[in-house]
Amino acid sequence: MCLGLFALITWQVLVSGPLLVPDHALSRALVRTVPDTVTERLADLGNVPVAVPVLVLAMAYAAWRGRRVAALAAGLAMALLPALIVPLKAWTARPGPLEPWASGYYPSGHTATALTAYVGAALLLAPYTRRPWPVAAALTLSAATAAGLVLRGFHWPLDVLASVLLCVPLLLGVRRAAGGRGGS
């Protein structure tokens, strides 16, 4: 289902379809409604030097605790992102909300990085906490990243949504390798 919705959004971006009308309206309504100093910090949560070390530490901990397959699956999910995102950015060549002369905004790499790193780390750590806080923290950080990107005008809302839809299957694979909620 996620990949089907992703395909629908991608098609709309490629043909400048009717979904772009509410996408642009929502962006116009939201951009710069929060000070840039706040939204830039939120968007930075999706930077590789910020998000990836969180995943690497969780992978190291999981491997140390004997969950090497789960750690490898999380690392593989992160490694697949550039192979998925970069060609899509080139193919769609979507301009940004505040930079109509630039292209390569669809889908959002920062959103994909944040979601994969933080949720991947949470899935690796969850079996050791016996509490839901890792997943809640991961979803909060990912949502904060997405909000920062849209509010600052770095991405259209559909760019962010598309990245979420693209990452869900990857993260389901990590969850499966991690043994669901119980770990392996």
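Before reading further, recall that the structure is shown in the block above.
On a predicted model such as this, the values are computed, not experimentally measured, just so you know.

A. Quick peek at the packing of aromatic side chains. Applying the stated rule across the entire model yields three aromatic pairs. Ring geometry for Tyr61 and Tyr128: centres 5.3 Å apart, planes at 85°, overall edge-to-face. Here Tyr61 is found in helix 4 (residues 48-64), whereas its partner Tyr128 is found in helix 6 (residues 109-129), with 67 residues between them in sequence. A residue is classified by how much of its surface remains accessible, and Tyr128, at 24% relative accessible area, is partly exposed. Chaining the aromatic ring pairs together yields one cluster made of Tyr61, Trp64 and Tyr128.

B. Summary view of the nonpolar core. With 38 residues, the main nonpolar core has Phe6, Ile9, Leu55 and Leu124 as its most contacted residues. At 10 residues, helix 6 tops the list of elements feeding residues into this core. When neighbours within four sequence positions are excluded, Ile9 is seen to be in contact with Tyr106, Leu158, Leu161, Ala162 and Leu165. With five residues, the next largest nonpolar core counts Ala43, Ala146, Leu149 and Val150 among its residues.

C. Summary view of the packing of helix 3 (residues 36-44) against helix 7 (residues 133-152). At their nearest, the axes of helix 3 and helix 7 sit 7 Å apart, and the two run at 135° to each other. Taken as axis vectors, helix 3 and helix 7 run oblique relative to one another. Crossing hand, helix 3 versus helix 7: left-handed. Between helix 3, through Asp36, Thr39, Glu40, Leu42 and Ala43, and helix 7, the contact on the second element is made entirely by Ala144, Thr145, Gly148, Leu149, Leu151 and Arg152. Residues of the contact of helix 3 with helix 7, tallied by class, amount to five nonpolar, three polar and three charged.

Parameters and conventions
Residues numbered from 1 in each chain as written. Predicted model: local features only at pLDDT ≥ 70, side-chain atom pairs only at ≥ 80, totals over all residues. Heavy atoms only, no water. Phe/Tyr/Trp six-rings, centres within 6.5 Å; stacked < 30°, edge-to-face > 60°. Helix = DSSP H or I, 4+ residues; strand = E, 2+ residues; numbered from the N terminus. Buried < 20%, exposed > 50% of the residue type's maximum accessible area, 1.4 Å probe, protein only. Core = buried A, V, L, I, M, F, W, Y, C linked by side-chain atoms within 4.5 Å. Contact = heavy atoms within 4.5 Å. Axes fitted to C-alpha atoms, helices over the stretch in contact; angles between N-to-C directions. Parallel < 35°, antiparallel > 145°, perpendicular 65-115°, else oblique. Left-handed = near helix turned anticlockwise from the far one by under 90°. Nonpolar A, V, L, I, M, F, W, Y, C, P; charged D, E, K, R; others polar.

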